[in-house]
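Residue-level listing of the chains:
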Amino acid sequence: MKLLKIIILVVILSFFPKVYAQQVTMDTYEFGEGLQFRTTDGKELKISGYIQPYFETSQYTNVDNQEARNRFRMRRSRIKFDGNSKDKRFSFRLQVDLSGTSESDDAVGNYLMDAYVSYDLTKRINIAFGQRSTYTDNRELFMNSNALQLVERSRLTSAFATIREFGLFLQGDFRTGGNSHLKPYFVLTNGDGANVMEKDHGGIKVGGRVDFLPFGLFTNFGQFRQADMVRERTPKLVVGANYSLNNGISSRRGRDSGTILYLNDNNEETLPDFTKYGVDFLFKYRGFSALGEYVKTTASVPSTITQRVRTDGTTSTTFEVNGVQDIEAYVKGRMMLGEGYNFQMGYLFKKGISIDGRYTHLKADTNSFLNNATFYNRPNYYTVGVSKYLGRNYGAKIQASLTYVDGDGINDTDGNLIDSNEWVGRLMLTFSF
C-alpha cells in the first residue's frame, strides 16, 4: 500500500507541476472506466484500475488416488494512469501490477507493466516510446485483461506472445473508402521483453502489423475488448496480419532477457534469430463475438555456436539430443517453435449473462520446448465458460470456466511421466473502478 501511494503521488505531481496555480477538478467518473481529472488549462489525467480474486482447481483424468490441486490468489491487481497535454498531442501511460503474477501465468511477474509517452505526429499517425504491449503479438494481447471473454487468455498467448517490450512503436489510422479503415503498425524494440534492467543481449527486433476494418471502427473501443458489451448495431470486423524478426534472441520467445545464452570459439555471444508471423480476426454483432488467431514461429541457428552457458554461469560444449551431438537441434529444443491457432466465440444476453467457448491447438516442431512434458506437450485445449456482468459495462463481473486438456505424455506435479489428460476449473471476480 505504501508503494501504491508513492506511485500515485509521483504521477500526479509530475503531471501537474503547477497544481498550486491551477484548479483541478474531477471531470467525470464512470463505474469501470475510471476517474477523469482536468485542469483549467485543459490537461487531463485518468486513473483506473481493477482487482481479480481467483480460484483454480485441476485434476488428472487417469491417475488413481490423485486429489484435486487447488489454489486461491489475487490474479491481477492493477492501477493505471493515462494523461495528456492540453492540445492532446502528447500523452503518457503508467500501469503497475501489485499481485506479483505474470500475464501469462507461467513466471513471476513484475510491478511495472506499461510506461511510455506518445505523440501525435499527425492526425493519423502516432509514435510512442517506452515499454508497452507489442503490436506483433496475436490479437488477444490487444484486449484489456479486465475485458476478457473467458477467465484466462488462451494457451496460444502463453506459448508464443512476448506480451510487453521496450522500444519504439508507430501506429496509423487511414480511411480507405466508405467507412473502412486501414491501420498499419511498426515496432522497433530491444527484443528482450519487459523490465530489462541489465545487459542487452543480441540485436534489435523489428516487426509490424496491418489491420483492416471493412465496416468501420468498433463502438467504445470494442476492438480492444472481447465480449460485445455494447451490442454492435451493425457488423464490425477487423482482420490483421503480423510479422516480427528478433535478431539474436536470448530466451525461449523473447520474453526474458539473458536466460538462454550461447558463445562461439572466441567466447563471444552468438545467438539464434527468431521469426514469428500470424493472422487473426475479431467480429462482433448484436451481442455475438468471435475471435480467431493463427501463429507460426521459426528459428535460424548460427553455425558458429560452440558453447552454451549454464544457469550458474559456467559453459559447456555438449549439445546432445537423443544421445547425438546436434547443436542446431539442441538450440531449437529450448525455444518455442511450432504453430498454433485459437478460436473462440460467445454470446452476451441482454441480462448480462455470457456463454462462451474456445478451442486452442498447439503443434510443436520436432525440436521445440513445446514438447516439454512439464509445461506443454498438451496439443488441445477445450474451454466452456459462463460470465455474469453486474452492470452494463466492465465494472464488475463473475466468471467461471472449465477446460479439458489433451495430454500427449505429460509430467505430473512430482515430475513423473503419466499417460493422462487434465481438467482445469477456474472462478474469478473482476472489480474495476
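Quick note: structure is the one above.
Thresholds, definitions, all that
Each chain has its residues counted from 1, running along the sequence as written. Since the coordinates come from a predicted model, pLDDT governs what is reported: local features require at least 70, and pairs of side-chain atoms require 80 or more to be given and counted, while whole-chain, interface and lining totals use all residues. To get the side-chain values, take all heavy atoms of the structure and skip hydrogens and water. The criterion for an aromatic pair is that two Phe, Tyr or Trp rings (for Trp, the six-membered ring) have centres within 6.5 Å, with stacked assigned to planes under 30 degrees apart, edge-to-face to planes over 60 apart and tilted to the rest. By the criteria applied, helices consist of DSSP H or I runs no shorter than four residues and strands consist of E runs no shorter than two, each listed in order from the N terminus. Type-normalised accessible area, obtained with a 1.4 Å probe on protein chains alone, sets the label of each residue: buried when under 20%, exposed when over 50%, and partly exposed for intermediate values. Lysine and arginine charges are scored as sitting over a ring when NZ or CZ, respectively, is within 6 Å of the ring centre and within 35 degrees of the ring normal. A residue counts toward a patch only above 30% relative accessible area and without a salt bridge, and it is joined to like-charged neighbours within 9 Å or, for Val, Leu, Ile, Met, Phe, Trp and Tyr, to nonpolar neighbours within 5 Å. Every accessible area reported is derived by Shrake-Rupley at a probe size of 1.4 Å, with residue values counting cover from the shown protein chains alone. The salt bridge definition used is simple: a Lys or Arg side-chain nitrogen within 4 Å of an Asp or Glu carboxyl oxygen. Polar contact is defined as a pair of N or O atoms within 3.5 Å, subject to the rule that within protein one atom must be able to donate a hydrogen and the other to accept it, and that residues adjacent in sequence are counted only when both atoms are side-chain atoms. Note on contacts: a residue pair is in contact if any heavy atoms of the two residues lie within 4.5 Å.

Caption draft 1: Geometry of the packing of aromatic side chains. The full count for this structure, using the stated rule, is 21 aromatic pairs. For the pair F319 and Y330, a centre-to-centre distance of 5.4 Å together with 85° between the ring planes defines the contact as edge-to-face. Of this pair, F319 sits in the loop between β17 (315–316) and β18 (320–321) while Y330 sits in helix α3 (residues 327–332); the two residues are eleven residues apart in sequence, bridging distant segments of the chain. As far as the burial class goes, F319 and Y330 line up, both buried. A connected cluster of aromatic rings, assembled from ring pairs, spans Y135, F142, F169, Y185 and F224. If you follow R139 out to its NZ or CZ, it ends over the ring of F142, 5.6 Å from the centre.

Caption draft 2: View of a nonpolar patch on the surface. A surface patch of nonpolar side chains, amounting to about 420 Å² of accessible area, comprises Y29, F31, I51, M74 and F431. Relative to the elements of secondary structure, I51 occurs in strand β3 (residues 44–60). Judged by relative accessible area, which is 35%, I51 ranks as partly exposed.

Caption draft 3: Expanded view of the pattern of salt bridges. Taken as a whole and assessed by the stated rule, the structure comprises 22 salt bridges. Note that E269 and K199 form a salt bridge whose closest N and O atoms lie 3.5 Å from each other. Taken as a pair, E269 in the loop between β13 (262–263) and β14 (273–285) and K199 in the loop between β10 (181–189) and β11 (205–213) lie far apart in primary sequence, 70 residues in all. On the accessibility criterion, E269 (32% relative accessible area) is partly exposed. The exposure class assigned to K199 is exposed, which follows from its relative accessible area of 53%. Each of R139, R209, D211 and D280 takes part in salt bridges that share partners, so that together they form one network.

Caption draft 4: Geometry of the side chain of S180. In this fold, S180 is placed in the loop between β9 (174–175) and β10. Accessibility expressed as a relative area gives 5% for S180, which makes it buried. At a separation of 2.6 Å, a polar atom in the side chain of S180 contacts the side chain of T176. One polar contact links the side chain of S180 to the main-chain carbonyl oxygen of G177, over a distance of 2.7 Å. The residues touching S180, leaving out its near neighbours within four places in the chain, are F174, R175, F212, L213, P214 and G216.

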